[in-house]
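Commentary on secondary and tertiary structure
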Amino acid sequence: MPPRSVLICDDEPELAEEIAEFFIALGWSARIVNSGPEALRLLESGFSPTFLMTDLRMPGMTGEELIARVRRLPAHLRPRYVVVVTGHIWETMTPAEFDADRLFTKPIDPDALVAELDRMTGALPAGPYRGEAS
Amino acid sequence: MLIATSIGMLVATLELYRSQSAQQALLATSIRTSGWVAYQAELEFVNTHMALEIARVIPGDAQLADLSLRMEILLSRLPILYDSEEGRMIAQIDLFKPRIQEIERLLETCLDQLQSLPPDAAARASAVSRWRDELEPYGPILKTMLRESVLFNEQIGERERQLAETPATIPVVLGFGSGGVLIMLLLLQLRRDRRALGEIRTARAAQQGLETSLKSLIDAVPAGIVLVRPGTREVLFANPRARSLIGSDGGHPDWAALTSAALAVSGETESDQGEDRKPLVLNRPDGRILSLLTVVRDMVWQAEPVKLIAMADLTKLRDTELQLVHASKLASLGEMASAIGHELNQPLSVIRLAAENALRGLDRSIGRDVTASKLVRIVGQVERAQRITDQIRRYGRLPSSQNQHFPLRPALDLAIGFVANQYRLAGIALLGSFDLPAGIEVSGDQTMFEQVIVNLLVNSKDAFAEGPRRSSAPLTVHVSAKIEGSVVAISVSDNAGGIAQIVLDRLFQPLVTTKPAEKGTGLGLALARKIVRDMAGEIVGGNRDDGATFVITVPFQIPDCAAPGGPS
């Protein structure tokens, strides 16, 4: 399995740290940012992760805005998959509403998260990520 | 008046009687005397006539001397007829007066001639004859006078006799007359008195009827009515509703609290718009708290000026209002459920992952320090979650019905803390500027006051999501508090574009909202005003600059124990 990387964007530093720690323990490479603009800067600098994992409600730039900006990045700078992790409690939300590939709700079950990400990158076919198609 | 008239008439009668008697006596005297002087004159005229006849026949010196004497006597009698009081009583004396004076002049002439008579007897006799002839025609005058006088006297005498026979006719007639008039007047007065008495009886019956009706009315009204003597505050009357409100009869000492409180409240300076209905909270001895609305009026009761205290029992209404406030709070909690859920999920996520990482770390035998740091993090996140649930519990607490002093600054901080994370997530800057004396307190229910502030802050936050903004300035909500005279002014202002003109003048009316149905109950500001007014304060709202501004003004206290000094 090729090494996978994740960029975690959450305004809660402690949560971002724990998620990163979890992935690192699994052998992933993980980077943490606490806001949308920081994430964009990192992507523009050439850090091209397998996954962008972002929160939705963040001060300054929301997760939706960040995703929209990411979509406009040149193809080589985009992450392969975009995953939304949100504290929203509405069960009716779908990833399509945010133009994302997957949507996870907090509190995250880490095993379920990893299993799903594994399916996306390996065992299962890739999701309908338009960024990849362009 | 009747008595005065009667006495007046009696006095008039007596006076009339007295004057009549006097006149009668005077008349009797005068008329008798007048007859006498006429008689004397006539007698002397006859004597003179006799002396003239004698002297004509025998004109000797002695006869002439006698004649002279007679003529002198007659001359002295004649003026008495018209020049004395007695003579003036003779009927028509003024008509006789010129003729009598002619006699006097004739006599004076005769007397003059008598002094110079010649001694010749024939000549003497001729002179005397001439005098007799000259005097002769005057005889009938004196006779007429005497006759008239006697006739008149006889009439007077007849009248005197009549008067003597019926001595008190006139007074008696007058007495009867006046008595009759008196009786008539008395009868008239009696009739009038009877009529007046009838009217008084009718009026009294009507008044008693009115009083009875008024009493029944006062007994029937659902409001408590108490009549109090102003000075002593003694309860004169209390209707059944008032008795049931206080739970005892009028004489009971429990009433003193009510009457003095009601009168004291009514004596306060007229509040807004001259409203004279005053809220009054009364602690009953049995522990029940009454919310009363009182009106005090001056009135007259059984001819005595009293104070009327009318009381409407708003306790149930107040309880209902509190329930409504509570329901509204729960509703707004529902509105905020999503945000609260999101907020709670944050620490839960951290806890879940930290626990997971710690467990995996145990498998890989990572150091105790790492595991310990995970556990510390978990405890911290649990505390964070607990703060959130505390706020919800606090917010959802049933409000109390009693005003209590509470410190203003912590209440504002709690309200701001409740929405701070939502603001942070929405990217709205929440700025506070407090220029308050240390320990400043306001009076009311703290959780309800906090709800008002939360409500305003949530409204401002929601406003950014609704209307298009004119300005591109950063989203900002400013909370400030400062002293303005006798009140503390707390303002919440945003730059979210302002309130729509269509709702601006109905802001505080219930069920007026600019929010979509799932977000607003339309009760928030109506309840906010109710809560602030219960704190003896006021809330106003409007547009300022590029947003809405709400200002709450409430009275404040600074407890003695608080350190005096500058703003906190």
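Residues numbered from 1 in each chain as written. Chains lettered and ligands numbered in written order. Predicted model: local features only at pLDDT ≥ 70, side-chain atom pairs only at ≥ 80, totals over all residues. Heavy atoms only, no water.

With that out of the way, let us pick up the interface of chain B and chain A. The interface is formed by 24 residues belonging to chain B together with 28 residues belonging to chain A. Interface of chain B and chain A: buried area, both sides summed, is about 2400 Å²; carbon and sulfur atoms make up 48% of it. For the chain B face of the interface with chain A, the top three residues by lost area are His342(B), Leu353(B) and Arg377(B), together amounting to 23%. Where chain B packs against chain A, one counts nine salt bridges. In this structure, the salt-bridge partner of Lys374(B) is Glu18(A), at a minimum N-O distance of 3.0 Å. With 16 residues, the single largest contributor to the side of chain B that touches chain A is helix α11 (residues 337-363) of chain B. (Contact = heavy atoms within 4.5 Å. Buried area = accessible area lost by both parts, 1.4 Å probe. Salt bridge = Lys/Arg side-chain N within 4 Å of Asp/Glu carboxyl O. Helix = DSSP H or I, 4+ residues; strand = E, 2+ residues; numbered from the N terminus.)

Let us now look at the sheet that holds strand β1 (residues 5-9) of chain A. Residue and element names in this part refer to chain A. Across the sheet, which stays open at both edges, the five strands sit in the order β2-β1-β3-β4-β5 with parallel pairing between neighbours. Looking at which strands have only one partner, the edges of the open sheet turn out to be β2 (29-33) and β5 (102-105). Direction aside, neighbouring strands of the sheet carry axes that sit 20 degrees apart on average. For β1 and β2, the ladder comprises five bridges, and the chain directions are parallel. What sits directly across from Ser 5, in β2, is Ser 29. On top of the sheet, helix α2 (residues 36-44) reaches β1 and β2; it is set at about 155 degrees to β1, its chief contact. Helix-sheet contacts for helix α3 (residues 63-71) involve β1, β3 (51-54) and β4 (81-86), and the interaxial angle to β3 is about 155 degrees. (Pairing = 2+ DSSP bridges. Axes fitted to C-alpha atoms, helices over the stretch in contact; angles between N-to-C directions.)

This part takes up the nonpolar core. Residue and element names in this part refer to chain B. Ranked by size, the top nonpolar core spans 52 residues in total, and within it Leu 408, Phe 449, Leu 457, Ile 490 and Ile 552 carry the most contacts. Mapped onto this core, the elements with two or more residues apiece are α10 (315-335), α13 (408-426), α14 (446-466), β9 (476-484), β10 (487-494), α16 (524-534) and β12 (547-557). Among the elements that line this core, the one with the most residues is α14, at ten residues. If you count residues domain by domain, this core takes at least three from each of domain 3 (316-401) and domain 4 (402-568). (Core = buried A, V, L, I, M, F, W, Y, C linked by side-chain atoms within 4.5 Å. Buried < 20%, exposed > 50% of the residue type's maximum accessible area, 1.4 Å probe, protein only. Domains from an automatic or database assignment.)

All names here are of chain B. Chain-level statistics for chain B give a pLDDT mean of 80 and a share of 83% at 70 or above. Across chain B, element-level confidence peaks in β10 with a mean pLDDT of 94 and bottoms out in strand β3 (residues 278-283) with 72. Here residues 269-274 is modelled with pLDDT under 50, and outside its nearest four sequence neighbours on either side it reaches five contacts, counting other chains as well. Note that residues 563-568 has pLDDT below 50 and, in this model, eleven contacts with residues that lie over four places away or in other chains. (pLDDT = per-residue confidence, 0-100.)

Residues and elements named next belong to chain B. The antiparallel open sheet is built from five strands, whose spatial order is β2-β1-β5-β4-β3. The open sheet has two edge strands, β2 (235-238) and β3, and neither has a second partner. Strand after strand, the sheet turns through a mean of 35 degrees between neighbouring axes, direction not considered. Direction of pairing for β3 relative to strand β4 (residues 289-301): antiparallel, over a ladder of six bridges. Its bridge partner lying in β4, Asn 283 is registered against Ile 289.

Residues and elements named next belong to chain B. For the pair helix α4 (residues 93-115) and helix α5 (residues 121-135), interaxial distance at closest approach is 11 Å and the crossing angle is 175 degrees. The pairing of α4 with α5 is recorded here as roughly antiparallel in orientation. Residues Ile 103, Leu 106, Leu 107, Cys 110, Gln 113 and Leu 114 of α4 form the contact with α5, whose own contacting residues are Arg 130, Trp 131, Glu 134 and Leu 135. Of the residues that constitute the contact of α4 with α5, the class distribution is seven nonpolar, one polar and two charged. (Parallel < 35°, antiparallel > 145°, perpendicular 65-115°, else oblique. Nonpolar A, V, L, I, M, F, W, Y, C, P; charged D, E, K, R; others polar.)

Turning next to a nonpolar patch on the surface. On the surface, Trp36(B), Tyr39(B) and Leu43(B) cluster together into a nonpolar patch covering about 310 Å² of accessible area. Along the chain, Leu43(B) falls in helix α1 (residues 2-57). (Patch = residues over 30% accessible without salt bridge, like charges linked within 9 Å, V, L, I, M, F, W, Y side chains within 5 Å. Areas by Shrake-Rupley, 256 points an atom, 1.4 Å probe, with all protein chains shown as cover.)

Tallying each qualifying case throughout the model produces six aromatic pairs over all chains. Plain terms: the ring middles of Phe23(A) and Trp28(A) are 4.6 Å apart, the flat faces sit at 45 degrees to each other, and that makes the pair tilted. You can call Phe23(A) buried: its relative accessible area is 0%. Given the relative accessible area of 6%, Trp28(A) is considered buried. Plain terms: the ring middles of Phe406(B) and Phe449(B) are 5.6 Å apart, the flat faces sit at 50 degrees to each other, and that makes the pair tilted. Within this pair, whereas Phe406(B) is found in strand β6 (residues 404-407), its partner Phe449(B) is found in helix α14, the two being separated by 43 residues in sequence. Comparing Phe406(B) with Phe449(B), the two get one shared label, buried. A network of ring pairs unites the aromatic residues Phe22(A), Phe23(A), Trp28(A), Phe51(A) and Tyr81(A) as a single cluster. Sitting above the plane of the Phe47(A) ring, Arg31(A) keeps its charged end 5.2 Å from the centroid. (Phe/Tyr/Trp six-rings, centres within 6.5 Å; stacked < 30°, edge-to-face > 60°. Lys NZ or Arg CZ within 6 Å of the ring centre and 35° of its normal.)

On the secondary structure map, Ala55(B) appears in helix α1. Those residues in contact with Ala55(B), other than ones at most four positions away along the chain, are Gln63(B), Leu64(B), Leu67(B) and Val128(B).

Tracing the backbone through its elements, the reader meets Lys106(A) in the loop between β5 and α4 (110-123). For Lys106(A), a relative accessible area of 4% corresponds to the buried category. Here Asp10(A) takes part through its side chain, which lies 3.3 Å from a polar atom of the side chain of Lys106(A). Every residue in contact with Lys106(A), bar those within four places of it in the chain, is listed here: Asp10(A), Leu15(A), Asp55(A), Val85(A), Thr86(A), Gly87(A), Asn345(B), Gln346(B) and Ser349(B). (Polar contact = N/O pair within 3.5 Å; in protein donor to acceptor, adjacent residues only side chain to side chain.)

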